[in-house]
Amino acid sequence: QVHLVESGGGLVQPGGSLRLSCEASRSIISFVMGWYRQVPGKQRELVATISINGRSNYVDSTQDRFSISRDNAKNTVYLQMNSLKTEDTAFYYCNARWTGRPPDYWGQGTQVIVSS
């Protein structure tokens, strides 16, 4: 089991940047980590994942603007978000899967609002 805590959300203008952090309560060296986002009333959707060996994957809408990374020494995963758009407004959730298998572990979420 792992407890996840996200931070770094907030209000930013379109075109701006934010870096989200997700700190785990234990070593994440054997966890596939990911970021998801959810708009109230809609399904949670995948943003990006990073494998145990550091390979990252993104959905098309974030491919060129977001970057996921992991620091296993700090038990932390990051999501660098650049060129933010109003449609990026959502609650962002950190996800962990031990060796990529269920169950999913989730953080409590951090809110990102992109607005002028």
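Heads up: these notes are all about the structure in this document. Just so we're clear, the structure is a prediction, and the values are computed from it rather than from any experiment.

Quick notes on the overall build of the protein
Okay, so step 1: Each helix and strand in the protein was counted, giving 0 helices and 11 strands.
Okay, so step 2: Taken from the N to the C terminus, the helices and strands of the protein come in the order β-β-β-β-β-β-β-β-β-β-β.
Okay, so step 3: Over its C-alpha trace the protein gives a radius of gyration of 13 Å, about what one expects of a compact globule, namely 13 Å for 116 residues.
Okay, so step 4: Along the first, second and third principal axes, the C-alpha atoms of the protein reach 40 × 25 × 25 Å.
Okay, so step 5: Partitioning the intrachain contacts of the protein with sequence separation of at least 6 by distance along the chain shows that 56% fall at a separation of at least 24.
Okay, so step 6: Of the roughly 6,300 Å² of accessible surface on the protein, 46% is carried by carbon and sulfur atoms.

Regarding the side chain of Thr62
Okay, so step 1: Relative to the helices and strands, Thr62 is located in the loop between strand S6 (56-58) and strand S7 (66-71).
Okay, so step 2: In this structure Thr62 touches Arg37 and Val47, once residues within four positions along its chain are discounted.

Side note on the environment of Pro102
Okay, so step 1: Mapped onto the fold, Pro102 is located in the loop between strand S9 (90-98) and strand S10 (105-106).
Okay, so step 2: Between the C-alpha atoms of Pro102 and Tyr92, which are 10 residues apart in sequence, the distance is 20 Å.

Observations concerning the packing of aromatic side chains
Okay, so step 1: Within this structure, the stated rule accounts for 2 aromatic pairs.
Okay, so step 2: Relative to Tyr105, the ring of Phe31 has its centre 6.5 Å away and its plane inclined at 70°; by these criteria the two rings are edge-to-face. On the criterion of sequence distance, the pair formed by Phe31 in strand S4 (residues 31-38) and Tyr105 in strand S10 is long-range, its members being 74 residues apart. For the pair Phe31 and Tyr105, a shared accessibility class is recorded, and that class is buried.

Remarks on the state of the cysteines
Okay, so step 1: Tallying each qualifying case throughout the model produces 1 disulfide.
Okay, so step 2: The disulfide bridge from Cys22 ends at Cys94, spanning 2.1 Å between sulfur atoms. Residues Cys22 and Cys94 share a disulfide whose torsion about the S-S bond is about -80°; that sign makes it left-handed. Of this pair, Cys22 sits in strand S3 (residues 18-24) while Cys94 sits in strand S9, and the two are 72 residues apart along the sequence.
Okay, so step 3: We classify Cys94 as buried; its relative accessible area is 0%.

Quick notes on the nonpolar core
Okay, so step 1: Residues Leu4, Met33, Trp35, Ile68, Leu79, Met81 and Tyr92 are the most contacted members of the largest nonpolar core, which totals 28 residues.
Okay, so step 2: Listed by contribution, the elements that provide at least two residues to this core are S3, S4, strand S5 (45-50), S7, strand S8 (76-81), S9 and strand S11 (110-114).
Okay, so step 3: Ignoring anything within four residues of it in the chain, the contact list for Leu79 reads Leu18, Arg19, Leu20, Trp35, Val47, Ala48, Phe66, Ser67, Ile68 and Tyr92.

Looking at the sheet that holds S7
Okay, so step 1: Taken in spatial order, the 4 strands line up as S1-S3-S8-S7 in an open sheet, and their pairing is antiparallel. Where the open sheet ends on each side, the last strands, each with one partner, are strand S1 (4-7) and S7. Direction aside, neighbouring strands of the sheet carry axes that sit 15° apart on average.
Okay, so step 2: Looking at chain direction, S7 and S8 are connected through 6 bridges and run antiparallel. The residue of S8 that forms the bridge with Phe66 is Met81.

Reading guide: rules and limits
Residues numbered from 1 in each chain as written. Predicted model: local features only at pLDDT ≥ 70, side-chain atom pairs only at ≥ 80, totals over all residues. Heavy atoms only, no water. Helix = DSSP H or I, 4+ residues; strand = E, 2+ residues; numbered from the N terminus. Rg over C-alpha atoms; globule rule 2.2 N^0.38 Å. Contact = heavy atoms within 4.5 Å. Areas by Shrake-Rupley, 256 points an atom, 1.4 Å probe, with all protein chains shown as cover. Phe/Tyr/Trp six-rings, centres within 6.5 Å; stacked < 30°, edge-to-face > 60°. Buried < 20%, exposed > 50% of the residue type's maximum accessible area, 1.4 Å probe, protein only. Disulfide = S-S within 2.5 Å. Core = buried A, V, L, I, M, F, W, Y, C linked by side-chain atoms within 4.5 Å. Pairing = 2+ DSSP bridges. Axes fitted to C-alpha atoms, helices over the stretch in contact; angles between N-to-C directions.

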